[in-house]
Amino acid sequence: MTPSPEHARLAAELRVLRERTGLSLSGLAAKTAYSRSSWERYLNGRTLPPRQAVRELCRLAGEPEGRAVALWEITESGWSGRAKEAPRAAAAPQPKAPPKPGTAARPEMPPEPETATRPIAEPPRAESADVGSSADRFSTRRTPSPSRRRTVNLMAVLATVCALAVGGVTVALLVLTRDHGDARRSAPPPSSAASSSTHPNCRGAACEGQSPMVTKCGAQPETLVRRRMSTGAWMEVRYNRWCGASWARTWGARVGDRIEMSSDGPGSPVRRAKIKDDVDTDSFVYTPMTATLPGAVVRACFLPAASGAKECFDSRVTQ
């Protein structure tokens, strides 16, 4: 089933949040109450996630939950099918009681018009023009048939349900706008004209030793180099030009493996990370960042736990 536009937008937002956490599907399953297969369905838009799953993903990504929860509210109102089920429930006929044993079933008679107070008289003989016209006016004032009344009632129910659905979407959009405005007002003023929820919050020396995910420098980085190690693990050197900082990351490694990186700038420290448990083996593991200038050479090394052979490689930051 193709997801609705609202559901597709929610799934895209969840994928962005998952990227910011740096966790794989198994990593999300280990840190939340939802399985790996459940997260796969949530992120691909095949299944609507529970509200709590959206909130936990926002918490892991370090993001305010207002926007994602508002998107979930809009999607849930359509996914639950309340707007489609209400008209059918209102129009469903009531079951009829079976006839008592030994009694013949009486043919069903149409109900009498509720507003009729006297039978319609036969048109009288035209004695004069005035009498004939009065009889015509009397005979044309008929009560609507039962089928017409049922149609009118059904149209009224449909109009009520549509009004409720539009009202719910409007309230959700107002909540989304309000939460987004509150987040902008509570955020610190940006250091430049550009401002967004994914804008990094450190630059240059202020990024030294900081996490690329927490500072949001890992949102849209450049990959300077990618290498596969002899153990089968992968390693990358990443660089964010706006932050002026670089870092290394690995995945597919084993418990006990270590990575380290440094820049060739004066006094540049060595930044290290270690794969500590099974959750790390199924996730990205990052080193802290080090301030890096354009043109600098970054050295990254992989130290496997099974042997002491260090594998190193260099990459240069373009001007």
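See the structure shown above.
Criteria and thresholds
- Residues numbered from 1 in each chain as written.
- Predicted model: local features only at pLDDT ≥ 70, side-chain atom pairs only at ≥ 80, totals over all residues.
- Heavy atoms only, no water.
- Axes fitted to C-alpha atoms, helices over the stretch in contact; angles between N-to-C directions.
- Helix = DSSP H or I, 4+ residues; strand = E, 2+ residues; numbered from the N terminus.
- Left-handed = near helix turned anticlockwise from the far one by under 90°.
- Contact = heavy atoms within 4.5 Å.
- Nonpolar A, V, L, I, M, F, W, Y, C, P; charged D, E, K, R; others polar.
- Polar contact = N/O pair within 3.5 Å; in protein donor to acceptor, adjacent residues only side chain to side chain.
- Buried < 20%, exposed > 50% of the residue type's maximum accessible area, 1.4 Å probe, protein only.
- Pairing = 2+ DSSP bridges.

**Comments concerning the packing of helix H1 (residues 5-21) against helix H4 (residues 51-61)**
1) Next: Where H1 contacts H4, the two axes come as close as 8 Å, and the packing angle between them is 40°. Once H1 is placed against H4, the crossing between them reads as left-handed. Taken together, the residues of H4 that come into contact with H1 (itself represented by Leu14, Leu17, Arg18, Arg20 and Thr21) are Val54, Leu57, Cys58, Leu60 and Ala61.
2) Next: Here the contact of H1 with H4 is built from residues that sort into 7 nonpolar, 1 polar and 2 charged.

**Structural notes on the environment of Arg271**
1) Next: Structurally, the position occupied by Arg271 is in strand E5 (residues 271-274).
2) Next: Between the alpha carbons of Arg271 and Met261 there is a distance of 5.4 Å; along the sequence they are 10 residues apart.
3) Next: Within the structure, Arg271 has its side chain in polar contact with the side chain of Glu208 (distance 2.9 Å).

**Observations regarding the pairing of strand E8 (residues 297-303)**
1) Next: Burial analysis of E8 places 5 of its 7 residues in the buried class, the great majority of the element.
2) Next: As paired strands, strand E4 (residues 258-263) and E8 are joined by 6 bridges and run antiparallel to one another. Bridged to Ile259 within E8 is Phe302.
3) Next: Taken together, the 6 bridges between E8 and strand E9 (residues 311-316) define a ladder with antiparallel strand orientation. Across the sheet, residue Ala300 finds its bridge partner in E9, namely Phe313.

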